[in-house]
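# Summary of the model geometry
The residues making up each chain are set out below.
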Amino acid sequence: MDRRDFIRMSGLSLTGFLLSPWGVSAFPKRENEELIPFLDQQPAKSGLLDWSTLDSFITPNDEFFNVSHYNKPVIDQDTWQLEISGLVDNPMMLTIDDIKARPKQDVIFTLECSGNHGFPTFTGAIGNAKWAGTPLAPILKEAGIKADGIEVIFFGHDSGVEKRRGNDMPQNFARSMSVEDALEETNILCYEMNGEPLPQPNGAPLRLIAPGWYGIACVKWLKRIEIRDTRLMNRFMGRDYVTIREEKRPDGESVWMETSVGRTKLKSLPAKVTRIGDEYRIYGAAWGAPIKKVEVRIDDAPWQEATLDPVEDDANSTKWAWKIWHLNWSNPPKGEHTIVSRAIDTKGNIQPAGDSDYITKKRTYWESNGQVVRKIRIE
Ligand SMILES: Nc1nc2c(c(=O)[nH]1)N[C@H]1C(S)=C(S)[C@@H](COP(=O)(O)O)O[C@H]1N2
Ligand SMILES: [Mo]
């Protein structure tokens, strides 16, 4: 039974595809399908996404991963205020009611930790949620960034002691963006996740959601937004979350690059394989850039184009969300097989192979967007 049969049988949709509760994307699941575990399947780690059971476009709040580097502050919403200060004409203090009274904007955005796939056991630091809040740009414009302001620093309430050059420095978590990047109209100050109040581990009462950026940019438990005239080079901008890569120039010269982790990179993976009788199906996801197509290679066969799960006409609402895909695999021969996927973006860029120079000459674990190879045995 294919998807269309299922839709007909369930009588849920006349529009050609099954709408999720979010109305934007279904998941191409079939009834009564049996999961065939990958041979290299790691036991699901608690707190991380379990790809082998992926069956929903939206990641429920209680299954969403959490990453934090210091403490996880519990904040009293009633006394909390957001400070907007530094090189601005009109410094501001905003209560949560002030923020909720402002225009509301939501976005379905796949948040991935840039360390995801940096280690064999760290592969589920990703989730897709509908985030809602108020746009950041109008607030920055009301505050009036002065002409010499170039840097927007987002401080969290969480803090730790950083040791540098003989100093013990208690510091709040902080990440920054250029003024130009911070003013992008997609950025929101977020207080709602999947229709519920933003959960405490995800940054309540308020966090930045920066669609198109790795998780590290999306500062939780916001305390202060400060405009300055110099670049921030703290731990999270200039030490950790710095990718070291050896690159070769056309003349063969080696150039070692150190770059701050920022915007997401094109990525995909095969998430799980199921079967109904001899009708096998490979499911996966692709994200990190506007996806044009996903291709799958089984063993040494040519790349085959996977089917992207249809989304509503208003592609804008899912522009920043992962694309769920599947490939039917009928009557696979018995024995061991490898399955690998590669995403291709609308500019024609191809997700790099795991053994490409781009990936192997990267010496740090962040931004690991190489192709993911899975192994499976068909009995
Ligand atoms: N204040 C603060 N914000 C933070 C962090 C943090 O440690 N402190 N961790 C960042 C990292 S590395 C990631 S991957 C995301 C994780 O968001 P989540 O916990 O909602 O999944 O939050 C980011 N925002
Ligand atoms: Mo992260």
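Scroll up to find the structure.
First, a word on scope: everything that follows refers to the structure included in this document. (Residues numbered from 1 in each chain as written. Chains lettered and ligands numbered in written order. Predicted model: local features only at pLDDT ≥ 70, side-chain atom pairs only at ≥ 80, totals over all residues. Heavy atoms only, no water.)

A separate point is the sheet that holds strand S20 (residues 335–345). Pairing in this open sheet of four strands is antiparallel, and the strands run S17-S16-S20-S21 from one edge to the other. The outermost strands of the open sheet, each flanked by one partner alone, are strand S17 (304–305) and strand S21 (373–378). Summarising the sheet, strand S16 (residues 291–298) and S17 pair through two bridges and their orientation is antiparallel. Following the sheet pairing, Glu295 is matched in S17 by Glu305. (Pairing = 2+ DSSP bridges. Helix = DSSP H or I, 4+ residues; strand = E, 2+ residues; numbered from the N terminus.)

Attention shifts here to the site of ligand 1. Around ligand 1, 20 residues are found, and the nearest of them are Phe65, His69, Asp158, Arg207 and Lys220. Take Asn66: an N or O atom from its side chain is 3.3 Å from an oxygen atom of ligand 1. In the environment of ligand 1, an oxygen atom lies 3.1 Å from a nitrogen or oxygen atom belonging to the backbone of Val67. Surface burial for ligand 1 is 100%, taken as the share of its 530 Å² of free accessible area covered by protein chains. Class assignment of the residues belonging to the shell around ligand 1 gives a composition of 12 nonpolar, five polar and three charged. (Near = heavy atom within 4 Å. Polar contact = N/O pair within 3.5 Å; in protein donor to acceptor, adjacent residues only side chain to side chain. Areas by Shrake-Rupley, 256 points an atom, 1.4 Å probe, with all protein chains shown as cover. Nonpolar A, V, L, I, M, F, W, Y, C, P; charged D, E, K, R; others polar.)

Turn by turn, an α-helix covers 3.6 residues, leaving residues three or four places apart pointing in a common direction. Three or more residues of helix H3 (residues 136–143) are buried, namely Leu136, Ala137, Ile139, Leu140 and Ala143. On an axial view of H3, the arc spanned by its buried residues comes to 165°, and they lie on one face. (Buried < 20%, exposed > 50% of the residue type's maximum accessible area, 1.4 Å probe, protein only. Arc of directions from axis to C-beta.)

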